[in-house]
Amino acid sequence: MGRYVIRRLLQMIPVFFGATLLIFLMVNVMGDPIAGLCGDKACDPATASRLKREFGLDKPVWQQYATYMGNVFTGDFGTAFNGQKVTELMSTAFPVTIRLTIIAILFEIVIGITLGVITGLRRGRPIDTAVLILTLVVIAIPTFVTGLVLQLLLGVEWKWIKPSVTPEAPFDELLIPGLVLASVSLAYVTRLTRTSIAENSRADYVRTAVAKGLPRHRVITRHLLRNSLIPVVTFIGTDVGALMGGAIVTERIFNIHGVGYQLYQGILRQSTQTVVGFVTVLVLVFLVANLVVDLLYAVLDPRIRYA
Amino acid sequence: MRGATHAKWAACAVAVALAATACGGGDSGGGSGASGIVSSSWGDPQNPLEPANTNEVQGGKVLDMLFRGLKRYDPKTGAAKDMLAEKIETTDSTSFTITVKDGWTFSNGEKVTAKSFVDAWNYGANLKHNQKNAYFFGYIEGYDKTHPDKGDASAETLSGLKVTGERTFSVKLNQKFSTWPDTLGYAAFAPLPRAFFDNHSAWLSKPIGNGPYTVNSYTKGSKLEMRKWDGYPGTDKAQNGGVDLKVYTDNNTAYTDLTAGNLDLVDDVPASQLKNVKADLGDRYINTPAGIIQTLAFPYYDEAWNTPGAAKVRKGLSMAINREQITDTIFQKTRTPATDWTSPVLGADGGYKAGLCGDACKYDPAGAKKLVQEGGGIPGGQVKISYNADTGSHKEWVDAICNSVNNALGNDKACVGNPVGTFADFRNQITQNKMSGPFRAGWQMDYPLVQNFLQPLYYTNASSNDGKWTNAEFDKLVNEANAETDKAKAVDLFQKAEEVLRDQMGAIPLWYQNGSAGYSTRVSNVALNPFSVPVYNEIKVS
């Protein structure tokens, strides 16, 4: 187990460098960021060249990347164009997005798995069909439509919530955005759990457990669910990273100043430091989430052992 | 046993989530509840908030609340009126003696003196400080020393600026510029307190100025709270208790917040909502002219566009554009078809002359076709109009212009749009002279002077002359106009220069942009100034 974790951690290093280098190159080919900094008016050449030097944009790309990476390891993520430290942007953006992600994941786990178990155990019954239709509808409608409609109905028409989230972004204000963000994944979790449960409920060990006379809830939670959760855990694990990075649409609709917003701003303004900094952290989140998922397999199914 | 622990874990997680929800629930009531505070939408300023470093509207509106300069532009007429200036005297339009009014202080109690101005201007002009508005000081003698085009500055301060007394200082310009005092209302010329120089980063996180408001708290990227400054000595005191500027990720969300009663003022109604805005807001929707004009500029560094015949082609293209139809259907009348190269906010006395463009700006498909043929046809057989595709929904109107041109010329390949991915790349191609055809150009005035609509854009090698248009006659007339001390005569000369621009069709004027805003029933007396910024200090809260 220990050796497995170490091997996995070592594998992360090339992935990490490759991913950041790619992002660095991508932002770089978008053109000279200083040109856009002065708005419709041309920057005066002297100031522009000084700014370029200050942000290190006058050096070749590989050198910029090397310097950047060197700084990152000392915890210095550089400065965004508006003069703020990127670490400062992160310290305000990440907590908000983490809260949003937690809510989304909780929705996925609580609603998704519950619905999946219910439908998996009642295959072909009306409730199964109803949930199937519901999940298909949710998957078919793009997130921004769900988001805007909920915002309009709950926020403007019925006034249950405020249409926009305040900068502090407390948990209660993030409930609806979290649900919107979770919606599509939630539907997938439901489908995945249903299939898995349906498959395993015919397995020998379930029949044995029932034959032993175990109470029904114990059969379901201890025996059936635990074995059925492996694909679901895989999905939710990879979803952590996807939700954090992919919240741009939801964050824009509900005015949430999180990671998605900062990334969007960074790309619009071509602030290499901001974009690469945030993506670097997101890459780390992805990698760690994947590792945790792999380790969870062993917890769920003791037959899976890592040497 | 393990199962039991799992269940406990899950239960705990849910309990924590619920508890967090419950905790957060208390304090969220009423976003606009505080007494007399106006809440307004805001965009994250692109640059740090410093007077000489702020060149866009979002940061500019904050400076307008926090600072008062020597002059201030009347929120209604745009006329430059003395604010902190007691008098500005000159005999030769190059040397000016400025006296600052007595009794003005910064909100931290420091007196506003002549030195407050001179120090601020020297700071802004110095290349070392990377101030994006440095070129505003370019008319002052010694600018080329503190801000050379290449290399390092050889002087720390502008030689043309001298403090002559506690409240007086003298300015020497490097050329005649009779209306120069009228430029002093621009934010870059604001005075700065010692605190700015002594502890710059502290000042940036909580700016101190001499305007009607003070900063209460500033969370970068999300919210700026300003409160009325009771000790403000000016006559334009704040009529409300303060202004909260909230950063919105999307102006659609701001608009939704306004309709839900969660926000008082939106100063940028999104294009997609223009159809509903009358129904939603009624007469709480403002749509007034602003000092912004949109044009199509041409790359004169490209031989094909710089031939004698090309002037006819440009005029023909201008006549092929159905401005009325485009402003009505695409912009829902938030733009007005342009008939000159300035803006209606200048007024007739200030140099705006409706119809100066004449027939060249009237839709005339037959005439257009004739002119383009006489001029030798479109260079390269096709006009490619470049624009940046990332913001501002430029695609729609560029496509509409092309449609209009194609119909007029009877050739559906005569004009196409040429999108450029990002604004930065677009600007990049422009500054590197890489444009192969006309491109979108916009100009938002810095100060309401006809000079500002002509000189920076069309004077030979001027800072924003992106098309590199050059004409000796035009330059001569502009120089004469700047040297002319009589304002009416100066305006007349500028218009003569504008006529040269028209005859050559140096750039095609498209439309004047309006400022649009909407407000809630909680506030009244809302208006936009000629810069399309709300006049915050006059807003009343019921």
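Model, not experiment: these values are computed from the prediction.

> Mind showing me how you'd approach the sheet that holds strand β5 (residues 95–100) of chain B here?
By definition, the strands of a sheet pair up through backbone hydrogen bonds, in either a parallel or an antiparallel sense. All names here are of chain B. On the basis of which strands lie adjacent, the open sheet formed by four strands has the order β4-β5-β7-β6 and antiparallel pairing. The open sheet is flanked by β4 (85–90) and β6 (161–163), the only strands paired with a single partner. The sheet shows a mean angle of 20° between the axes of neighbouring strands, direction not considered. In this sheet, β5 lies alongside β4 in antiparallel orientation, the contact comprising five bridges. Considered in β5, the bridge of Lys-87 is made with Thr-99.

> Hey, could you run me through the interface of chain A and chain B in this one?
In many reports, interface size means the accessible area that the parts give up when they come together. Listed per partner, the contact involves 52 residues of chain A and 57 residues of chain B. Across the chain A to chain B interface the summed buried area is about 4700 Å²; carbon plus sulfur atoms make up 52%. The largest contributions to the chain A side of the interface with chain B come from Asp40(A), Lys41(A) and Arg50(A), which together make up 14% of the buried area. Here chain A is connected to chain B by one salt bridge. Residue Asp250(B) is joined to Arg252(A) by a salt bridge in which the shortest nitrogen-to-oxygen separation is 3.7 Å. Counting residues per element, the ones that place at least two in the side of chain A that touches chain B are α2 (33–37), α3 (45–54), α7 (143–157), α10 (216–245), α11 (248–253) and α12 (259–268) of chain A. Sorting elements by how many residues they give to the side of chain A that touches chain B places α3(A) first, with five residues. When grouped by side-chain class, the residues that make up the side of chain A that touches chain B number 23 nonpolar, 14 polar and 15 charged.

> Got a minute to help me understand the environment of Arg502(B) in this structure?
All names here are of chain B. With respect to the helices and strands, Arg-502 occurs in helix α17 (residues 487–504). Measuring from C-alpha to C-alpha, the distance between Arg-502 and Pro-299 comes to 17 Å, with 203 residues separating the pair along the chain. When near neighbours in sequence (up to four residues on either side) are disregarded, Arg-502 contacts Lys-315, Trp-341, Leu-356 and Cys-357. A distance of 2.7 Å separates a polar side-chain atom of Arg-502 from the backbone oxygen of Leu-356.

> Looking at this model, I keep getting lost on helix α14 (residues 423–431) of chain B. Mind explaining?
Residues spaced three or four apart along an α-helix face the same direction, because each turn holds 3.6 residues. The complete set of buried residues in α14(B) reads Phe423(B), Ala424(B), Phe426(B), Arg427(B), Asn428(B) and Ile430(B). Tucked into the core, α14(B) has its buried residues touching α2 of chain A together with β14 (383–388), β15 (415–420) and β16 (439–444) of chain B. A positive phi of about 55° marks Asn433(B), the residue just after α14(B).

> Which parts of the structure should I look at to understand the UniProt feature "transmembrane region" (unreviewed entry) in chain A?
Residue and element names in this part refer to chain A. The residues that UniProt annotates with the feature "transmembrane region" (unreviewed entry) are residues 12–31, 96–118, 130–154, 174–192, 228–254 and 274–300. Annotated as 92% helix and 0% strand, the span residues 130–154 places its first and last C-alpha atoms 24 Å apart. Secondary structure content for residues 174–192 is 95% helix and 0% strand, while the C-alpha to C-alpha distance between its ends is 26 Å.

> Can you walk me through the pattern of salt bridges in this structure?
For side chains of opposite charge, pairing can occur when their charged atoms come near one another. In the structure shown here, the tally under the stated rule is 31 salt bridges over all chains. The residue Asp294(A) makes a salt bridge to Arg8(A) at a minimum N-O spacing of 2.1 Å. In this pair, Asp294(A) sits in helix α13 (residues 272–300) while Arg8(A) sits in helix α1 (residues 2–28), placing the two residues 286 residues apart along the sequence. Summarising the burial analysis for this pair, Asp294(A) and Arg8(A) share the class buried. Residues joined by salt bridges that share partners form a network here, namely Lys115(B), Asp119(B), Arg194(B) and Asp198(B).

> Looking at this structure, I do not really get the state of the cysteines. What am I missing?
Throughout this description, disulfide means a covalent bond between two cysteine sulfur atoms. Residues and elements named next belong to chain B. Tallying each qualifying case throughout the model produces two disulfides over all chains. The partner cysteine of Cys-357 in its disulfide is Cys-361, sulfur to sulfur 1.9 Å. Across the S-S bond of Cys-357 and Cys-361 the torsion is about 75°, and the bridge reads as right-handed. When sorted by exposure, Cys-357 lands in the same class as Cys-361, which is buried.

> Got a minute to help me understand unusual backbone geometry in this structure?
The phi angle of most residues is negative, glycine excepted, and most peptide bonds adopt the trans form. Residue and element names in this part refer to chain B. Of note, the phi angle at Lys-333 is positive, near 65°, even though the residue is not glycine. Phi at Met-505 takes a positive value of approximately 45°, unusual for a residue other than glycine. Looking at where Met-505 falls in the secondary structure, it is placed in the loop between α17 and β17 (507–519). Relative accessible area serves as the criterion here: at 0%, Met-505 is assigned to the buried category.

> Is there a simple way to explain the environment of Leu127(B) in this structure?
Mapped onto the fold, Leu127(B) is located in the loop between α3 (114–125) and α4 (143–146). Each C-alpha atom of the pair Leu127(B) and Ile321(B) lies 43 Å from the other, and the pair is 194 residues apart in sequence. What Leu127(B) contacts, discounting residues up to four positions off in sequence, is Ala46(A), Thr47(A), Arg50(A), Thr146(B), His147(B), Pro148(B) and Gly151(B).

> In this structure, what is going on with the environment of Ile236(A)? I would like to understand it.
All names here are of chain A. When you line up the elements, Ile-236 lands in helix α10. Among the residues examined, Ile-236 registers a relative accessible area of 11% and is labelled buried. Here the alpha-carbon distance between Ile-236 and Val-189, two residues 47 residues apart in the chain, equals 7.7 Å. Non-local contacts of Ile-236, meaning those with residues more than four positions away in its chain, are made with Ile-105, Glu-108, Ile-109 and Val-189.

> Just checking my understanding: could you explain the pairing of β14(B) for this structure?
Strand residues, when the strand is regular, have side chains that alternate between the two faces of the sheet. Residues and elements named next belong to chain B. For β14, the buried fraction is high: five of the six residues fall into the buried class. Where β14 and β15 come together, six bridges link them in parallel fashion. Following the sheet pairing, Ser-386 is matched in β15 by Asn-418.

> Is there a simple way to explain the pairing of strand β8 (residues 213–219) of chain B in this structure?
All names here are of chain B. The pairing of β8 with strand β9 (residues 223–228) spans six bridges and is antiparallel. Among the inter-strand pairings, Tyr-213 is bridged to a residue of β9, identified as Lys-228. Adjacent in sequence and paired antiparallel, β8 and β9 are bridged by three residues, among which Gly-221 carries a positive phi angle near 85°.

> Please explain the UniProt feature "domain: ABC transmembrane type-1" (unreviewed entry) in chain A as it appears in this structure.
Under the UniProt annotation, the feature "domain: ABC transmembrane type-1" (unreviewed entry) is placed at residues 94–297 of chain A. For residues 94–297 of chain A, helix accounts for 80% and strand for 0%, while the C-alpha atoms at its two ends are 28 Å apart.

> Would you mind showing me how to read the side chain of Gln294(B) here?
Residues and elements named next belong to chain B. Mapped onto the elements, Gln-294 comes out in strand β12 (residues 285–297). At 2.8 Å, the side chain of Gln-294 forms a polar contact with the side chain of Gln-513. For Gln-294, the contacting residues outside a window of four places in its chain are Arg-335, Ala-441, Gly-442, Ile-508, Pro-509, Leu-510, Trp-511 and Gln-513.

> Where do I start with the side chain of Asp264(B) in this structure?
All names here are of chain B. Here Asp-264 shows up in the loop between α7 (251–259) and β11 (265–266). A polar contact of 3.1 Å, which involves the side chain of Asp-264, links it to the backbone nitrogen of Ser-39. Of note is the side chain of Asp-264, whose polar atom sits 2.5 Å from the side chain of Arg-522.

> Would you explain helix α2 (residues 57–66) of chain B in this entry?
All names here are of chain B. For α2, the set of buried residues is Gly-59, Lys-61, Val-62, Leu-63, Met-65 and Leu-66. Contacts made by the buried residues of α2 are with β1 (37–42), β8, β9 and β10 (242–247). N-capping of α2 is provided by Glu-56, with a side-chain oxygen placed 3.2 Å from the backbone N of Gln-58.

> What exactly am I supposed to notice about the confidence of the model for chain B here?
In low-pLDDT regions, the fine details of the predicted coordinates are not to be read closely. Residues and elements named next belong to chain B. Averaged over all residues, the pLDDT of chain B equals 89, while 94% of them reach at least 70. Across residues 1–33, confidence stays below pLDDT 50; counting only partners more than four residues off in sequence or on other chains, it has 23 contacts. ipTM for the predicted complex: 0.86, alongside a pTM of 0.85.

Scoring rules and cut-offs
- Residues numbered from 1 in each chain as written.
- Chains lettered and ligands numbered in written order.
- Predicted model: local features only at pLDDT ≥ 70, side-chain atom pairs only at ≥ 80, totals over all residues.
- Heavy atoms only, no water.
- Pairing = 2+ DSSP bridges.
- Helix = DSSP H or I, 4+ residues; strand = E, 2+ residues; numbered from the N terminus.
- Axes fitted to C-alpha atoms, helices over the stretch in contact; angles between N-to-C directions.
- Contact = heavy atoms within 4.5 Å.
- Buried area = accessible area lost by both parts, 1.4 Å probe.
- Salt bridge = Lys/Arg side-chain N within 4 Å of Asp/Glu carboxyl O.
- Nonpolar A, V, L, I, M, F, W, Y, C, P; charged D, E, K, R; others polar.
- Polar contact = N/O pair within 3.5 Å; in protein donor to acceptor, adjacent residues only side chain to side chain.
- Buried < 20%, exposed > 50% of the residue type's maximum accessible area, 1.4 Å probe, protein only.
- UniProt positions renumbered as here; feature names shortened; annotations may be inferred.
- Disulfide = S-S within 2.5 Å.
- pLDDT = per-residue confidence, 0-100.

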